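Per-entry structural report
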Amino acid sequence: MNLIIGTILREKKRIEYQLEEYRKIIKELPKGTLLGRKGRNGQLYYYLKYRDDGKVISKYIGKETGDLPDKIEKRKHIDAIIKKLESIGAELRK
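This is a predicted model, so every value here is computed, not measured.

**Some remarks on the packing of helix α1 (residues 2-28) against helix α2 (residues 68-93)**
Packing of α1 against α2 brings their axes to within 10 Å, and their N-to-C directions diverge by 155°. By the angle between their axes, α1 is roughly antiparallel relative to α2. Seen along the crossing, α1 lies across α2 with a hand that is left-handed. Between α1 and α2, the residues in contact are Ile8, Glu11, Lys12, Ile15, Gln18, Leu19, Tyr22, Arg23, Ile25 and Ile26 and Arg75, Ile78, Asp79, Ile81, Ile82, Leu85, Glu86, Ile88, Gly89, Leu92 and Arg93, respectively. Its residues assigned to classes, the contact of α1 with α2 comprises 12 nonpolar, two polar and seven charged.

See the structure below:
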């Protein structure tokens, strides 16, 4: 029985460490959605739209997005991982 408890405790500790590391990474990534709007001359201008304290914020990005779409996608992926790890952690605490 001690082997099982020890394994569960190690797994719980590993998940807590992973959560901490993923939360550090996610703080550096932009949140929100990238939207494109056409200007008067038919050019596409980009905005980053996100919520902050319950308010919707639209931040002007410009004509070029650079690597912003990749960063937003990475944040969504890491957010899904965090939710899964939190779910597993809750099961281990039981």
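Picking up where we left off.
**Describing the nonpolar core**
Judged by nonpolar contacts, Ile15, Leu19, Ile26, Leu29, Ile78, Ile82 and Leu85 together constitute the single largest core of seven residues. For leucine 85, the contacting residues outside a window of four places in its chain are Ile15, Gln18, Leu19 and Tyr22.

**Description of the pattern of salt bridges**
Under the counting rule described, the total for this entry stands at seven salt bridges. In this structure, the salt-bridge partner of glutamate 86 is arginine 23, at a minimum N-O distance of 2.4 Å. Taken together, the residues glutamate 86 in helix α2 and arginine 23 in helix α1 connect sequence positions 63 residues apart. For glutamate 86, a relative accessible area of 34% translates into the label partly exposed. Aspartate 67 is paired through a salt bridge with lysine 71; the nearest N and O atoms lie 3.9 Å apart.

Procedures and definitions
- Here the residue index of a chain counts from 1 through its sequence in written order.
- Local features in a predicted model are, by the rule used here, given only for residues with pLDDT of at least 70; side-chain atom pairs are given and counted only at 80 or more, and totals for whole chains, interfaces and linings are based on all residues.
- With hydrogens and water set aside, each side-chain value is computed from the structure's full complement of heavy atoms.
- To define axes, lines are fitted to C-alpha atoms, for helices over the stretch in contact only, and angles between the resulting N-to-C directions are given on a 0 to 180 degree scale.
- In DSSP terms, a helix is any run of H or I states spanning at least four residues, a strand is any run of E spanning at least two, and both are numbered starting from the N terminus.
- An angle below 35 degrees is read as roughly parallel, one above 145 as roughly antiparallel, one from 65 to 115 as roughly perpendicular, and any other as oblique.
- Crossings are sorted by hand: turned counterclockwise from the far helix by less than a right angle, the near helix makes the crossing left-handed, and turned clockwise it makes it right-handed.
- Working rule for contacts: check all heavy atoms of both residues, and any pair within 4.5 Å makes them a contact.
- Here the term charged refers only to Asp, Glu, Lys and Arg, the term nonpolar to Ala, Val, Leu, Ile, Met, Phe, Trp, Tyr, Cys and Pro, and the term polar to all other amino acids, Gly among them.
- Here, nonpolar core refers to any group of buried Ala, Val, Leu, Ile, Met, Phe, Trp, Tyr and Cys residues whose side-chain atoms link them within 4.5 Å.
- Classification of residues uses two cut-offs on accessible area relative to the type maximum, computed with a 1.4 Å probe and protein chains only: under 20% is buried, over 50% is exposed, and between them is partly exposed.
- A pair is scored as a salt bridge if a Lys or Arg side-chain nitrogen falls within 4 Å of a carboxyl oxygen belonging to Asp or Glu.

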